[in-house]
Amino acid sequence: FVAFAAVTVLSQLGIQVAPLIAGLGIAGLAIGFAAQDTVKNLIAGVTILLDRPFRVGDNIELQDTFGTVEEITLRSTRVRTLDNQIAILPNAKVIEEKILNHSMHRALRVVVPFGIAYKESPQEARETVLALTADDARLHPDYEPQVVVTALNDSSVDMELRIFLKDPGLEVPVRF
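This structure is a prediction, so every number in the text was calculated from the model and none was measured.

Engineer: Tell me about the sheet that holds strand β3 (residues 76–81), and please be specific about residues and values.
Structural biologist: Within a sheet, adjacent strands bond to each other through the backbone by hydrogen bonds, running parallel or antiparallel. With antiparallel pairing, five strands are arranged side by side in an open sheet as β4-β3-β2-β1-β5. Looking along the sheet, the strands with just one partner apiece sit at the ends: β4 (86–90) and β5 (99–101). Here the strands of the sheet are splayed against their neighbours by 40 degrees on average, with no regard to which way each runs. Note: strand β2 (residues 65–72) against β3, five bridges, orientation antiparallel. Looking at the pairing, T68 lines up with R80 of β3.

As C-alpha coordinates, then:
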(Lines give C-alpha, C1' and ligand atoms only; values in the text may rest on other atoms or scores of the structure.)
Protein backbone atom coordinates (compact mmCIF):
# COMPACT_ATOMS: atom_id res chain seq x y z
CA PHE A 1 0.00 0.00 0.00
CA VAL A 2 2.82 2.39 0.93
CA ALA A 3 4.71 1.59 -2.27
CA PHE A 4 1.58 2.14 -4.37
CA ALA A 5 0.90 5.45 -2.60
CA ALA A 6 4.51 6.58 -3.12
CA VAL A 7 4.37 5.76 -6.85
CA THR A 8 1.06 7.64 -7.17
CA VAL A 9 2.37 10.71 -5.37
CA LEU A 10 5.58 10.78 -7.42
CA SER A 11 3.66 10.48 -10.70
CA GLN A 12 1.34 13.33 -9.60
CA LEU A 13 4.41 15.48 -8.95
CA GLY A 14 5.52 14.91 -12.53
CA ILE A 15 8.35 12.52 -11.78
CA GLN A 16 8.65 9.61 -14.19
CA VAL A 17 8.28 6.48 -12.09
CA ALA A 18 8.88 3.85 -14.80
CA PRO A 19 12.71 4.18 -14.72
CA LEU A 20 12.61 4.24 -10.91
CA ILE A 21 10.53 1.04 -10.76
CA ALA A 22 12.81 -0.64 -13.33
CA GLY A 23 15.88 0.37 -11.34
CA LEU A 24 14.38 -0.96 -8.12
CA GLY A 25 13.48 -4.20 -9.87
CA ILE A 26 17.05 -4.67 -11.13
CA ALA A 27 18.43 -3.81 -7.67
CA GLY A 28 16.03 -6.31 -6.08
CA LEU A 29 17.12 -8.98 -8.55
CA ALA A 30 20.82 -8.31 -7.81
CA ILE A 31 20.21 -8.46 -4.05
CA GLY A 32 18.24 -11.68 -4.51
CA PHE A 33 21.11 -13.35 -6.38
CA ALA A 34 23.66 -12.09 -3.84
CA ALA A 35 21.63 -13.42 -0.90
CA GLN A 36 20.82 -16.77 -2.52
CA ASP A 37 23.44 -18.77 -0.58
CA THR A 38 22.54 -17.06 2.69
CA VAL A 39 18.84 -17.79 2.23
CA LYS A 40 19.62 -21.39 1.24
CA ASN A 41 21.72 -21.84 4.40
CA LEU A 42 19.00 -20.30 6.58
CA ILE A 43 16.35 -22.63 5.20
CA ALA A 44 18.72 -25.61 5.61
CA GLY A 45 19.44 -24.50 9.20
CA VAL A 46 15.74 -24.46 10.03
CA THR A 47 15.41 -27.90 8.44
CA ILE A 48 18.27 -29.26 10.57
CA LEU A 49 16.82 -27.76 13.75
CA LEU A 50 13.38 -29.25 13.01
CA ASP A 51 14.47 -32.65 11.66
CA ARG A 52 17.29 -33.12 14.22
CA PRO A 53 19.49 -35.60 12.34
CA PHE A 54 22.10 -34.81 14.99
CA ARG A 55 22.38 -32.78 18.19
CA VAL A 56 25.11 -30.86 19.95
CA GLY A 57 27.45 -33.42 21.50
CA ASP A 58 26.79 -36.16 18.91
CA ASN A 59 29.70 -37.80 17.09
CA ILE A 60 29.00 -37.51 13.37
CA GLU A 61 30.69 -38.24 10.08
CA LEU A 62 29.85 -35.69 7.42
CA GLN A 63 31.57 -34.61 4.20
CA ASP A 64 34.66 -36.72 5.06
CA THR A 65 34.79 -34.99 8.46
CA PHE A 66 34.45 -36.96 11.70
CA GLY A 67 33.98 -35.18 15.00
CA THR A 68 31.71 -33.93 17.74
CA VAL A 69 28.98 -31.39 16.97
CA GLU A 70 29.85 -28.23 18.89
CA GLU A 71 27.19 -25.82 17.64
CA ILE A 72 24.28 -25.69 15.21
CA THR A 73 23.32 -22.23 13.93
CA LEU A 74 20.94 -21.13 11.21
CA ARG A 75 23.84 -20.65 8.79
CA SER A 76 26.34 -23.39 9.67
CA THR A 77 27.18 -26.43 11.79
CA ARG A 78 30.45 -26.51 13.73
CA VAL A 79 32.15 -29.87 14.28
CA ARG A 80 35.25 -30.40 16.44
CA THR A 81 37.48 -32.92 14.67
CA LEU A 82 39.78 -35.50 16.25
CA ASP A 83 42.66 -33.05 15.61
CA ASN A 84 40.83 -30.53 17.86
CA GLN A 85 40.05 -28.29 14.90
CA ILE A 86 36.65 -26.73 14.27
CA ALA A 87 35.15 -27.54 10.87
CA ILE A 88 32.51 -24.98 9.90
CA LEU A 89 30.12 -26.63 7.47
CA PRO A 90 27.45 -24.59 5.63
CA ASN A 91 24.02 -26.02 6.40
CA ALA A 92 23.04 -26.13 2.74
CA LYS A 93 25.91 -28.57 2.13
CA VAL A 94 25.14 -30.50 5.34
CA ILE A 95 21.60 -31.44 4.31
CA GLU A 96 22.76 -32.47 0.82
CA GLU A 97 25.34 -34.96 2.13
CA LYS A 98 25.04 -38.34 3.79
CA ILE A 99 25.20 -37.95 7.59
CA LEU A 100 26.44 -40.79 9.77
CA ASN A 101 25.40 -40.16 13.35
CA HIS A 102 27.48 -42.38 15.62
CA SER A 103 25.54 -41.32 18.73
CA MET A 104 21.99 -42.38 17.85
CA HIS A 105 22.48 -46.10 18.33
CA ARG A 106 21.45 -48.39 21.13
CA ALA A 107 24.89 -49.98 20.78
CA LEU A 108 27.65 -48.58 18.60
CA ARG A 109 30.04 -50.92 16.80
CA VAL A 110 33.67 -49.88 16.87
CA VAL A 111 36.24 -51.52 14.59
CA VAL A 112 39.89 -51.49 15.63
CA PRO A 113 42.18 -52.65 12.79
CA PHE A 114 45.57 -54.24 13.45
CA GLY A 115 48.02 -56.51 11.68
CA ILE A 116 50.27 -59.42 12.60
CA ALA A 117 53.29 -60.96 10.89
CA TYR A 118 52.82 -64.10 8.81
CA LYS A 119 54.97 -66.07 11.26
CA GLU A 120 52.41 -65.40 14.03
CA SER A 121 49.28 -67.47 14.59
CA PRO A 122 45.97 -65.71 13.81
CA GLN A 123 44.24 -67.90 16.42
CA GLU A 124 46.70 -66.85 19.14
CA ALA A 125 46.32 -63.20 18.11
CA ARG A 126 42.53 -63.61 18.27
CA GLU A 127 42.69 -65.12 21.77
CA THR A 128 45.13 -62.46 23.02
CA VAL A 129 43.04 -59.54 21.75
CA LEU A 130 39.75 -61.03 22.98
CA ALA A 131 41.32 -61.44 26.43
CA LEU A 132 41.82 -57.65 26.47
CA THR A 133 38.05 -57.16 26.18
CA ALA A 134 37.11 -59.54 29.01
CA ASP A 135 35.13 -57.84 31.80
CA ASP A 136 35.30 -54.42 30.11
CA ALA A 137 32.32 -52.49 31.52
CA ARG A 138 32.21 -50.20 28.48
CA LEU A 139 31.15 -53.03 26.16
CA HIS A 140 27.52 -53.85 25.45
CA PRO A 141 26.58 -57.17 27.07
CA ASP A 142 24.29 -58.26 24.20
CA TYR A 143 27.08 -58.34 21.59
CA GLU A 144 30.13 -60.57 21.78
CA PRO A 145 33.48 -59.06 20.72
CA GLN A 146 34.91 -60.56 17.55
CA VAL A 147 38.36 -60.73 15.98
CA VAL A 148 38.39 -61.51 12.27
CA VAL A 149 40.96 -61.70 9.48
CA THR A 150 40.19 -59.05 6.86
CA ALA A 151 43.08 -59.29 4.38
CA LEU A 152 46.29 -61.11 3.55
CA ASN A 153 48.70 -58.35 2.55
CA ASP A 154 52.29 -58.60 1.34
CA SER A 155 53.82 -58.10 4.78
CA SER A 156 51.00 -58.76 7.27
CA VAL A 157 47.79 -60.54 8.08
CA ASP A 158 45.26 -57.75 8.62
CA MET A 159 42.73 -58.30 11.37
CA GLU A 160 39.97 -56.34 13.10
CA LEU A 161 38.65 -56.26 16.63
CA ARG A 162 34.89 -55.61 16.44
CA ILE A 163 33.22 -54.49 19.65
CA PHE A 164 29.93 -52.81 20.59
CA LEU A 165 29.82 -49.99 23.14
CA LYS A 166 27.00 -49.30 25.59
CA ASP A 167 27.69 -45.56 25.47
CA PRO A 168 28.36 -44.16 21.95
CA GLY A 169 30.07 -41.18 23.59
CA LEU A 170 33.02 -43.44 24.38
CA GLU A 171 33.75 -44.11 20.71
CA VAL A 172 36.75 -41.82 20.31
CA PRO A 173 38.61 -42.81 23.50
CA VAL A 174 38.01 -46.51 22.86
CA ARG A 175 39.30 -46.21 19.28
CA PHE A 176 42.50 -44.60 20.56
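Engineer: Describe the pattern of salt bridges, with residues and values.
Structural biologist: The final tally for this structure, using the stated rule, is five salt bridges. Between R80 and E70 there is a salt bridge, with its nearest N and O atoms 3.3 Å apart. Separated by ten residues along the polypeptide, R80 in strand β3 and E70 in strand β2 bring together distant segments of the chain. The salt bridge partner of R138 is D136, with a shortest N-O separation of 2.8 Å. A residue is classified by how much of its surface remains accessible, and D136, at 22% relative accessible area, is partly exposed.

Engineer: Talk me through unusual backbone geometry; I want residue IDs and the actual numbers.
Structural biologist: Positive phi, close to 55 degrees, is recorded for R52, a residue that is not glycine. A positive phi angle is found at D135, which is not glycine, with a value near 60 degrees. With respect to the helices and strands, D135 occurs in the loop between α5 (122–133) and β7 (146–152). Look at D135 and you get exposed, because its relative accessible area is 82%.

Engineer: Explain a negative patch on the surface residue by residue, including any values.
Structural biologist: Negative charge collects at one region of the surface, where E61, D64, E96 and E97 lie side by side. Inspection of the secondary structure assignment puts D64 in the loop between β1 (59–62) and β2.

Engineer: Describe the sheet that holds β7, listing the residues and the values that go with them.
Structural biologist: Within the open sheet, the three strands sit side by side as β6-β8-β7. Their pairing is antiparallel. Where the open sheet ends on each side, the last strands, each with one partner, are β6 (108–116) and β7. On average, each strand axis in the sheet is inclined to that of its neighbour by 25 degrees, with strand direction left out of account. Looking at chain direction, β6 and strand β8 (residues 157–165) are connected through nine bridges and run antiparallel. If you follow F114 over to β8, its bridge partner there is M159. Taken strand by strand, α5 contacts β6, β7 and β8, and its axis lies near 140 degrees from that of β7.

How each quantity is defined
Residues numbered from 1 in each chain as written. Predicted model: local features only at pLDDT ≥ 70, side-chain atom pairs only at ≥ 80, totals over all residues. Heavy atoms only, no water. Pairing = 2+ DSSP bridges. Helix = DSSP H or I, 4+ residues; strand = E, 2+ residues; numbered from the N terminus. Axes fitted to C-alpha atoms, helices over the stretch in contact; angles between N-to-C directions. Salt bridge = Lys/Arg side-chain N within 4 Å of Asp/Glu carboxyl O. Buried < 20%, exposed > 50% of the residue type's maximum accessible area, 1.4 Å probe, protein only. Patch = residues over 30% accessible without salt bridge, like charges linked within 9 Å, V, L, I, M, F, W, Y side chains within 5 Å. Areas by Shrake-Rupley, 256 points an atom, 1.4 Å probe, with all protein chains shown as cover. Lys, Arg positive; Asp, Glu negative; His and termini not counted. Charge placed at Lys NZ, Arg CZ, Asp CG, Glu CD. Contact = heavy atoms within 4.5 Å.

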